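Residue-level listing of the chains:
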Amino acid sequence: MPLVFSVTNAGKVVITLQLMGRVPSADFQVSDAQGRLVWSRLRGQTMMGALRLYPLEAGKSLSFRHTWNQQADTGRLVPPGDYTIRGVLLTDDPKGLASPPAPLRVGT
Amino acid sequence: MSRLFTSRNVLAAVSTLVLASCQDNASPTQPADADIPAVRGQAQGNDLPSAAEFDRQTPGFGGFFLTSDGTPTVYLTRGASRAPAEQALSGYLAGRGLSNASVRILEAKYGWKQLERWQETASVEAFAIPGAVYVDNDETVNRVRIGVEDLGTMGQVRAALARARVPDEAVIIERADPIIQVATLQDVVDRPVRAGVQINFPGYLCSVGFNATSGSQKSFVTASHCTTTQGGVESTPYWQPLQSVNGTQIATEVADPAYAKGGSGCAKGKLCRYSDASRAAYVSGANQALGLIARTSGANNGSLTITGSFTISADDCSTTGGCLAVGTTVDKVGRTTGWTSGAITNTCVNTGVQGSRFMLLCQTFVSAGVGGGDSGSDVFQVTGNSVKLVGVLWGGNSGGTQFVYSPFGNVTRELGPLTTH
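Residues numbered from 1 in each chain as written. Chains lettered and ligands numbered in written order. Predicted model: local features only at pLDDT ≥ 70, side-chain atom pairs only at ≥ 80, totals over all residues. Heavy atoms only, no water.

Enquirer: Which parts of the structure should I look at to understand the sheet that holds strand β4 (residues 72–77) of chain B?
Expert: Sheets are built from strands that pair by backbone hydrogen bonding, the pairs being arranged parallel or antiparallel. All names here are of chain B. With respect to topology, three strands assemble into an open sheet ordered β3-β4-β5, the strand pairing being mixed. The open sheet is flanked by β3 (61–66) and β5 (104–108), the only strands paired with a single partner. The sheet shows a mean angle of 20° between the axes of neighbouring strands, taken without regard to direction. As paired strands, β3 and β4 are joined by five bridges and run antiparallel to one another. Looking at β4, one finds that L66 is bridged to P72. (Pairing = 2+ DSSP bridges. Helix = DSSP H or I, 4+ residues; strand = E, 2+ residues; numbered from the N terminus. Axes fitted to C-alpha atoms, helices over the stretch in contact; angles between N-to-C directions.)

Enquirer: So what exactly am I meant to see when it comes to the pattern of salt bridges here?
Expert: Should their charged atoms come close, side chains of opposite charge can pair. What the rule picks out here adds up to 14 salt bridges over all chains. A salt bridge links D32 of chain A to R36 of chain A, with the nearest nitrogen and oxygen atoms 2.9 Å apart. Residue D73 of chain A is joined to R43 of chain A by a salt bridge in which the shortest nitrogen-to-oxygen separation is 2.9 Å. Of this pair, D73 of chain A sits in the loop between β7 (61–67) and β8 (81–89) while R43 of chain A sits in the loop between β4 (37–40) and β5 (47–48), and the two are 30 residues apart along the sequence. With relative accessibility at 46%, the residue R43 of chain A sits in the partly exposed group. Counted as one network, the salt bridges with shared partners bring together D138, R145 and E174 of chain B. (Salt bridge = Lys/Arg side-chain N within 4 Å of Asp/Glu carboxyl O. Buried < 20%, exposed > 50% of the residue type's maximum accessible area, 1.4 Å probe, protein only.)

Enquirer: I would appreciate a short explanation of the packing of aromatic side chains in the present structure.
Expert: Given two aromatic rings, one states the distance between the centres and the angle between the planes to describe the pair. For the structure on display, the rule yields 18 aromatic pairs over all chains. Between F220 of chain B and Y282 of chain B the ring centres are 5.5 Å apart and the planes differ by 70°, which places this aromatic pair in the edge-to-face class. Taken together, the residues F220 of chain B in strand β13 (residues 217–222) and Y282 of chain B in strand β17 (residues 278–282) connect sequence positions 62 residues apart. Given a relative accessible area of 0%, F220 of chain B falls into the buried group. Taken together through their ring pairs, the aromatic side chains of F201, Y204, F220, Y238 and Y282 of chain B make up a single cluster. Stacked on the ring of Y204 of chain B, the Lys or Arg R22 of chain A has its end atom at 4.7 Å from the ring centre. Looking at R413 of chain B, its charged tip hangs above the ring of Y274 of chain B, at a distance of 3.6 Å from the centre. (Phe/Tyr/Trp six-rings, centres within 6.5 Å; stacked < 30°, edge-to-face > 60°. Lys NZ or Arg CZ within 6 Å of the ring centre and 35° of its normal.)

From the geometry alone we can't say anything about function, so treat these as descriptive.
Quick look at the structure:
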């Protein structure tokens, strides 16, 4: 399942984002219908703690692509059902900058 | 003009966060315009007029304010008509369903423009005297209000205003607390520089780890990846807190050993070291506060306001991996999440670094808050009134709940002997 997470500067001036790490990074997080996190791309990984000053021109986007193999963090395929997925840009805020959750359905 | 945004306010400007998930479709989905929430200003028609505009429209205008219950109140000099004032406020009143009768009129002794001129004169005179705090054309009392730190200053200001022909009855002088600029870990111009405050090198922000003398060279230690290139010396320049705030360079990178393949514990294809640490020498004339760590009001409370200093009185052992056991509480002060504290969860961990070929050997994991920009932070153990320095923070998990540091023994193994206090 291909995933794309984009952050766009919808303003009219360049802005400088403060992004965690040496290179811009984003997490993808899948939760089940009960809101339990079942998969996180960056779970268990150690990130560098520098803060990159990243200029983003007006109208430009920062995009991240990843593929989810529909496995949970346990390594098992998730059961069929409804899930939500969100992208989280890693910033100076430990909570990051998260997208609204998008619904997805895993079929049988 | 470039604007700097922190993540807490970035949503106001970077209003598009589009996640596209689609099955059996390898091409990325582009954000649609309809998904982009517009950032719009409020309508202006029902806003209050500026004082200058009010004055232009209203003969005899002496000032305007809203009372605590929201009543529009206008000062007018004796004989002035209230009708122009009501007209000036018509948009504001209509927008709130208020009638013209709701406008309260007070008798002004002075016109607003005259008070503006006296405020300007009083500013010049008062701020020439040490102890003046503020000078305001106070629209709630139709007077110029001046705040001073003490009675002595009050007398000097009053005499100066008399010489400048500002009528004494048009001025209220009162005692006021001095206005203090609050310094935080992120914006303080810290001289001498203490551990924990923000440093800037081209394109990045990090934290000062700790001050140290190597031989006779005054220095600070920060993370190896808080240099232009991680591993190897490129003479990275440092400013504090930002080059744009204080353009005088404070230090230059002088030590950052190369990462190497092979060796005990180093996985195939990885580049390894025992510490993500580097050393920068202060430029001649720059101050260092050897043994001092900036302190905020409390651990894990989110505050970045500096309230004092910790004093380093000891260092952890020189053994690789350090001498603290799992369960020991350690602390750190860094520019992003301030002072955080938590228990060591793992010691002597060989850990990879997301998105890189680097691997750090024999590191320590701590269950405590961390954020981007905290790299380089001092890690220490509070021991009574002083602290023991135990390492340099360089990373954490994406959730910001666990930080990773290189123990002091690992740092000195690679940077050589350091005097820290």
